[in-house]
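The primary structure of each chain is shown beneath.
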Amino acid sequence: MRELTHVDEKGVKMVEVGHKKEVFRKAVAKGRIKLKPETIELIRAGKTKKGNVIATAQIAGILAVKKTPELIPLCHPIPLTGVDISFEFGEDYIEATCEVKAYYKTGVEMDALTGVTVALLTIWDMVKAVEKDEKGQYPVTRIYEIRVVEKVKSS
């Protein structure tokens, strides 16, 4: 069994990576938001009251990637070389993909997970008015399957 790297007998710590060599790192994370089919059509047609849902979610996701070390206490600030957030539509869901690249001493999977999560949360925020039922609840809306689908480390 592997040991936890962020915890030792003294408590919590940020892992020392100074001795590591800088290499190319890439991580890809995906996640989905389930929405009413009518909401999906509003987004596709660009008819949501708050504006362009997809562009806003892309910007929010990219900003979140850049702020990952501020949000997750033990993440290293990483000099990113690229972030790409894209979306695929299903009948009742949108799948977001966040790809993060860097040349650094530690991986970027937490950054990719943060980016995809905030992109999905932004979609929810942008369409919540049409997703609510008459009691103000969200019987359909769900964020799910957030995961890392690819991690690359190469010299």
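Here is what the cut-offs are and how they apply
- Residues numbered from 1 in each chain as written.
- Predicted model: local features only at pLDDT ≥ 70, side-chain atom pairs only at ≥ 80, totals over all residues.
- Heavy atoms only, no water.
- Core = buried A, V, L, I, M, F, W, Y, C linked by side-chain atoms within 4.5 Å.
- Buried < 20%, exposed > 50% of the residue type's maximum accessible area, 1.4 Å probe, protein only.
- Helix = DSSP H or I, 4+ residues; strand = E, 2+ residues; numbered from the N terminus.
- Contact = heavy atoms within 4.5 Å.
- Pairing = 2+ DSSP bridges.
- Axes fitted to C-alpha atoms, helices over the stretch in contact; angles between N-to-C directions.
- Left-handed = near helix turned anticlockwise from the far one by under 90°.

### Some points on the nonpolar core
Then, in step 1: One finds Leu35, Ile43, Phe87, Ile94, Cys98 and Ile123 to be the most contacted residues of the largest nonpolar core, which totals 28 residues.
Then, in step 2: Looking at this core, the elements with two or more residues in it are strand S3 (23–34), helix H1 (37–45), helix H2 (53–66), strand S4 (80–89), strand S5 (93–104) and helix H4 (109–131).
Then, in step 3: Ranked by residue count, the leading element in this core is H4, at eight residues.
Then, in step 4: Residues in contact with Cys98, not counting those within four places in the same chain, are Ala27, Val28, Ala29, Val65, Val83, Asp84, Ile85, Ala112, Gly115 and Val116.

### Some details on the environment of Val100
Then, in step 1: Take Val100: it is sitting in strand S5.
Then, in step 2: Along the backbone, Val100 and Ala29 are 71 residues apart, and their C-alpha atoms lie at a distance of 8.7 Å.
Then, in step 3: The contacts of Val100, once residues within four sequence positions are left out, are Arg25, Lys26, Ala27, Val65, Leu80, Gly82, Val108, Asp111 and Ala112.

### Quick look at the sheet that holds strand S6 (residues 142–154)
Then, in step 1: One open sheet accounts for four strands, arranged S4-S5-S3-S6; its pairing is antiparallel. Since the sheet does not close on itself, it has two edges, and those belong to S4 and S6, each with one partner. Averaged over all neighbouring strand pairs, the angle between strand axes comes to 15 degrees, with direction disregarded.
Then, in step 2: Of the strands in this sheet, S4 and S5 touch H2, which is tilted by about 145 degrees from S4.

### Some details on unusual backbone geometry
Then, in step 1: A positive phi angle, near 55 degrees, is found at Glu145, a position not held by glycine.
Then, in step 2: As for its placement among the helices and strands, Glu145 is situated in strand S6.

### Re the pairing of S3
One face of the sheet, then the other: side chains in a regular strand alternate in exactly this way.
Then, in step 1: Of all 12 residues in S3, 10 are buried, a share of seventy percent or more.
Then, in step 2: Pairing between S3 and S5: 12 bridges, direction antiparallel. Within S5, the residue paired with Lys30 across the bridge is Thr97.
Then, in step 3: For S3 and S6, the ladder comprises 10 bridges, and the chain directions are antiparallel. Residue pairing across strands places Lys34 opposite Arg142, the latter belonging to S6.

### Concerning the packing of H2 against H4
Then, in step 1: At a minimum axis distance of 7 Å, the contact between H2 and H4 shows a crossing angle of 145 degrees. Here H2 and H4 pass one another in a crossing that is right-handed. In this structure, H2 uses Val53, Thr56, Ala57, Ala60, Gly61, Ala64 and Val65 to contact H4, whose residues at the interface are Asp111, Thr114, Gly115, Val118, Ala119, Thr122, Ile123, Met126 and Val127.

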